[in-house]
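# Topology and contacts: notes
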Amino acid sequence: MNVLILGGNSPRHKEWVRQVAEALRPYVGQAKCLIYRHWGQGGDADVTYEIEQAAQMAKSFSGEYIIIAKSVGTVITTLGVDQRKLHPSRCIFLGFPLSMMQHVPAAAPALTSLPPTVIVQNEHDPLGSYQDVRSFLSKLGNKHIAVTATPGETHDYVDFAQIRRLVLSGA
């Protein structure tokens, strides 16, 4: 099994994607990190551009792959799957950015295109609490999406052992 890792908008996620990859490398075929263009240039993620970059990285895998994505990475993944540019066998999302969905109208309906997906959400994540995310997603009717709560009041997701367990469990 191969893994494509997409981080959040902040340049500090360059280190986060590398840490996730390091935590998984002994257990997976390949673990590749998408390094967003704007991390070196400033500004925000260019979602359209990063979808294309993710699709190119995914094509380099031999065999199936899963996507681990955080925050804006979940938006990139969701839109990429809906546009049929990304074809993961499953997804693990960390920190679903519910408040961002208002700014990307195509992302919410695209969620119905996702393969089996687990969303890990801090109970009081400032970009969307666990309860709010769960309520929002239940209205979509995608039975392939499961949301699990973790304690926390931040938008940080650094439990690499939990991420590894989710990857290895096939959840």
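Owing to the predicted nature of the structure, the values given are computational and were not obtained by experimental measurement. Within each chain, residues carry numbers counting from 1 in the order of the written sequence. pLDDT decides what is reported in this predicted model: residues at 70 or higher carry local features, side-chain atom pairs at 80 or more are listed and counted, and totals for whole chains, interfaces and linings draw on all residues regardless. The side-chain numbers reported here are obtained from all heavy atoms of the structure, hydrogens and water having been left aside.

## Observations regarding the environment of Met-101
For the purposes of this entry, the term helix denotes a DSSP run of H or I that reaches at least four residues, the term strand denotes a run of E that reaches at least two, and both are numbered from the N terminus. Here Met-101 is to be found in the loop between β4 (90–94) and α5 (107–110). Sequence spacing of Met-101 and Thr-74 is 27 residues, and the spatial spacing of their C-alpha atoms is 11 Å. Excluding its chain neighbours within four sequence positions, the residues that come into contact with Met-101 are Val-75, Phe-96, Ala-107, Ala-108 and Phe-136. Throughout, a residue-residue contact means that at least one pair of heavy atoms, one from each residue, lies within 4.5 Å.

## Topic: the environment of Val-75
Tracing the backbone through its elements, the reader meets Val-75 in helix α4 (residues 72–82). Exposure is judged per residue with a 1.4 Å probe applied to protein chains only, and the accessible area is read against the type maximum: over 50% gives exposed, under 20% gives buried, and values in between give partly exposed. Since its relative accessible area comes to 1%, Val-75 is described here as buried. When the C-alpha positions of Val-75 and Phe-93 are compared, they lie 9.8 Å apart, and in sequence the two are 18 residues distant. The contacts of Val-75, once residues within four sequence positions are left out, are Pro-97, Met-100, Met-101, Val-104 and Ala-107.

## Let's talk about the sheet that holds strand β2 (residues 31–34)
Pairing in this open sheet of 6 strands is parallel, and the strands run β2-β1-β3-β4-β5-β6 from one edge to the other. In this open sheet, the two strands that pair with only one neighbour each are β2 and β6 (145–150). Across the sheet, the mean angle separating the axes of adjacent strands is 15 degrees when strand polarity is ignored. When DSSP locates at least two bridges between a pair of strands, those strands are taken to pair. One ladder, built from 6 bridges, connects strand β5 (residues 117–122) with β6; its direction is parallel. Bridge assignment links Val-120 to a residue of β6, and that residue is Thr-148. As a rule, the C-alpha atoms of each element are fitted with a line to give its axis, helices using only the stretch in contact, and angles between N-to-C directions run from 0 to 180 degrees.

## Digging into the pattern of salt bridges
We define a salt bridge as a contact between a side-chain nitrogen of Lys or Arg and a carboxyl oxygen of Asp or Glu at a distance within 4 Å. One pass over the structure, following the stated rule, counts 4 salt bridges. Measuring nitrogen to oxygen at the nearest pair gives 3.0 Å for the salt bridge that ties Asp-156 to Arg-12. In this pair, Asp-156 sits in the loop between β6 and α7 (160–169) while Arg-12 sits in the loop between β1 (2–6) and α1 (13–24), placing the two residues 144 residues apart along the sequence.

## Examining a nonpolar patch on the surface
For patches, a residue must show more than 30% relative accessible area and have no salt bridge; joins then use 9 Å for like charges and 5 Å for nonpolar side chains, namely Val, Leu, Ile, Met, Phe, Trp and Tyr. Here the open area of atoms and residues is found with the Shrake-Rupley method and a 1.4 Å probe, where only the protein chains shown may cover a residue. Taken together, the side chains of Met-1, Tyr-27 and Leu-168 make up a nonpolar region of the molecular surface, amounting to roughly 310 Å² of accessible area. Mapping Met-1 onto the fold places it in the segment before β1. For Met-1, a relative accessible area of 44% corresponds to the partly exposed category.

## Some thoughts on the packing of aromatic side chains
A pair of Phe, Tyr and Trp rings is counted when the ring centres sit within 6.5 Å of each other, with Trp represented by its six-membered ring. The angle between the planes then sorts it: under 30 degrees is stacked, over 60 is edge-to-face, the rest tilted. Taken as a whole and judged by the stated rule, the model has 3 aromatic pairs. Between the aromatic rings of Phe-96 and Phe-136, the centroid separation amounts to 6.2 Å while the plane-to-plane angle is 35 degrees, which identifies the pairing as tilted. Taken as a pair, Phe-96 in the loop between β4 and α5 and Phe-136 in helix α6 (residues 130–138) lie far apart in primary sequence, 40 residues in all. Taking relative accessible area as the criterion, Phe-96 reaches 0% and is therefore assigned buried.

## Regarding the packing of helix α3 (residues 47–59) against α4
Look at α3 against α4: their axes get within 9 Å of each other, and the N-to-C directions meet at 70 degrees. Here α4 runs roughly perpendicular to α3, going by the angle between their axes. Judged by the twist between their axes, the crossing of α3 over α4 is right-handed. Contact with α3, carried on its side by Val-47, Glu-50 and Ile-51, involves Val-72, Ile-76, Leu-79 and Gly-80 of α4 and no other residues of that element. Residues belonging to the contact of α3 with α4 are distributed by class as follows: 5 nonpolar, 1 polar and 1 charged. We call two directions roughly parallel when the angle between them is under 35 degrees, roughly antiparallel when it is over 145, roughly perpendicular when it lies between 65 and 115, and oblique otherwise. Left-handed describes a crossing whose near helix is turned anticlockwise from the far helix through less than a right angle; right-handed describes the clockwise counterpart. In this classification, the charged set is Asp, Glu, Lys and Arg, the nonpolar set is Ala, Val, Leu, Ile, Met, Phe, Trp, Tyr, Cys and Pro, and all remaining amino acids, among them Gly, are polar.

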